[in-house]
Amino acid sequence: MNWNFLKTEIEPGDFLIDCRSQSAYEEETLEGAYYYPFIKKAFGSDPESQKKLYGPMVAVVQEFQKSKKTRIIVFDEGMGMFSTRMVYLLRGMGIKDAYVLGQKWPVTGKKSKGEFKIEPPIADKVKPIEGVVDKAFMERNLTKLQIFDARTMEEYEGRLPRLTAPEEGTLCGRLPGAFLWDWRNLYDGDANLIERSLFKKRLNGFPFMPERPTVIYDYNGARSCLLALMLREAGYIDVTTYQGSWFEWRKSSLPKQAVAVFGVKQGAAAAPRVGGLDRKKV
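Just so it is clear, the structure is predicted and the values come from calculations on it, not from any experiment.

Engineer: Break down the overall build of the protein for me, citing the residues and quoting the values.
Structural biologist: Assigned secondary structure in the protein consists of eight helices and 13 strands. In terms of C-alpha radius of gyration, the protein reaches 19 Å, essentially the compact-globule figure of 19 Å for 282 residues. For the C-alpha atoms alone, the extent of the protein along its principal axes is close to 55 × 40 × 35 Å. Counting the 282 residues in the protein, one finds 54% classified as buried. Side-chain charges of the protein comprise 43 positive and 36 negative groups, with the mean position of each set lying 4 Å from the other.

If you want it as structure tokens, here you go:
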């Protein structure tokens, strides 16, 4: 694997974070690994929601600094959405030596039952996390941005409000002008991340320019972080993720496309705007 945000081996001085499920963590994890439940939650981008995300991120950084370890290695079942989200946010908090473990569970290393589950406090005040934008930014700049939708085709076309556990009566749709890059297409048939050269080849199928501001969103701000890490390594200069994503945007009065209510019969959906791997399929 030739991605710089991946590390294939664990070293003695690593601070470990497990982003799998809580039950899996408690049953068995890498010895000394921490578990932070907040990383799996959806957050809006209003001030109160930002406090709920920023406070835990400060706590993770403080725990790492207190440990005197040299770098952070984050893992889940295998280079997935929550480990990449944690790494992306840690880098946005100034921890540049934060990496995703490029192995699939069960990974190599001494294991034990998980015992460092931490529920960090909500912050009183917040500071911006580098690489993360809010709804106000999106509203101001919507027509100036290159926007990637990192969800699935079903979500993008307005057929599902979210990939897992969709609720009847929930609004489906997408942000105006967004192009689909299905998060699942960042992996090969063996569930490993695709090589950088293949990623860049697929990237050329989109009408985007590396120097223009690019924003990525999904449903809850998790899947977009992997694509953001890959875009940065592929030469994109100004890459951010929209924290609130569709979880927040669907509740606003802001413009939307391919709008439908899940469970209610609709007419034909608008044609999708896709690129890369899926362009020939449309």
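Engineer: Can you tell me about the packing of helix 2 (residues 47-67) against helix 3 (residues 81-92), naming the residues and giving the values?
Structural biologist: In contact at an axis separation of 11 Å, helix 2 and helix 3 are set at 80° when each is read in the N-to-C sense. Looking at the two axes, helix 2 sits roughly perpendicular to helix 3. Facing helix 2, whose interface residues are Leu53, Met57, Val60 and Val61, helix 3 presents Met86, Leu89 and Leu90. Across the contact of helix 2 with helix 3, the residue classes tally to seven nonpolar, no polar and no charged.

Engineer: Help me get a handle on the nonpolar core, residues and values and all.
Structural biologist: Formed by 57 residues in total, the largest nonpolar core has its most connected members in Ile17, Met86, Leu90 and Phe199. Elements with a contribution of two residues or more to this core: strand 2 (14-18), helix 2, strand 4 (71-75), helix 3, strand 5 (98-101), helix 6 (196-203) and helix 7 (223-233). Take this core: its biggest share by element is seven residues, from helix 7. Two domains each donate at least three residues to this core, and these are domain 1 (7-117) and domain 2 (132-262). Apart from the residues within four sequence positions on either side, Ile17 is in contact with Tyr34, Tyr36, Val60, Ile72, Ile73, Val74, Phe75, Met86 and Leu90.

Engineer: Let's hear about the domain arrangement of the protein: which residues, and what values?
Structural biologist: Structurally, the protein comprises domain 1 (7-117) and domain 2 (132-262). A C-alpha centroid distance of 23 Å is found between domain 1 and domain 2. In this assembly, 22 residues from domain 1 lie in contact with 26 residues from domain 2. Taken as a group, Ser45, Met81 and Tyr88 account for 37% of the area that domain 1 buries against domain 2, more than any other trio of residues on that side. Linking domain 1 with domain 2 are zero salt bridges. Between domain 1 and domain 2 we count seven residue pairs in polar contact (both at pLDDT 80 or more) in total. Here the element with the most residues in the side of domain 1 that touches domain 2 is helix 3; it accounts for eight residues. Across the side of domain 1 that touches domain 2, the residue classes break down as nine nonpolar, seven polar and six charged.

Engineer: Outline the environment of Leu198, listing residues and values.
Structural biologist: Mapping Leu198 onto the fold places it in helix 6. When the C-alpha atoms of Leu198 and Leu186 are compared, they prove to be 9.6 Å apart, with 12 residues separating the residues in sequence.

Engineer: Quick one: what's the story with the pattern of salt bridges, residue by residue and with numbers?
Structural biologist: A complete count under the given rule lists 14 salt bridges for this structure. One network of salt bridges, in which partners are shared, links Glu11, Asp14 and Arg71.

Engineer: How would you summarise the sheet that holds strand 2 if you had to cite specific residues and measurements?
Structural biologist: Ordered by their spatial adjacency, four strands build an open sheet running 1-5-4-2, and the pairing between neighbours is parallel. Either end of the sheet is taken by a strand with one partner, and the two such strands are strand 1 (6-7) and strand 2. Of the strand pairs in this sheet, strand 4 and strand 5 are connected by three bridges, and their pairing is parallel. Bridge pairing in strand 5 places Ile73 opposite Tyr99. Relative to strand 2, helix 2 is tilted by about 150°, and along the sheet it contacts strand 2 and strand 4.

Reading the values: the criteria
- Residues numbered from 1 in each chain as written.
- Predicted model: local features only at pLDDT ≥ 70, side-chain atom pairs only at ≥ 80, totals over all residues.
- Heavy atoms only, no water.
- Helix = DSSP H or I, 4+ residues; strand = E, 2+ residues; numbered from the N terminus.
- Rg over C-alpha atoms; globule rule 2.2 N^0.38 Å.
- Buried < 20%, exposed > 50% of the residue type's maximum accessible area, 1.4 Å probe, protein only.
- Lys, Arg positive; Asp, Glu negative; His and termini not counted.
- Charge placed at Lys NZ, Arg CZ, Asp CG, Glu CD.
- Axes fitted to C-alpha atoms, helices over the stretch in contact; angles between N-to-C directions.
- Parallel < 35°, antiparallel > 145°, perpendicular 65-115°, else oblique.
- Contact = heavy atoms within 4.5 Å.
- Nonpolar A, V, L, I, M, F, W, Y, C, P; charged D, E, K, R; others polar.
- Core = buried A, V, L, I, M, F, W, Y, C linked by side-chain atoms within 4.5 Å.
- Domains from an automatic or database assignment.
- Buried area = accessible area lost by both parts, 1.4 Å probe.
- Salt bridge = Lys/Arg side-chain N within 4 Å of Asp/Glu carboxyl O.
- Polar contact = N/O pair within 3.5 Å; in protein donor to acceptor, adjacent residues only side chain to side chain.
- Pairing = 2+ DSSP bridges.

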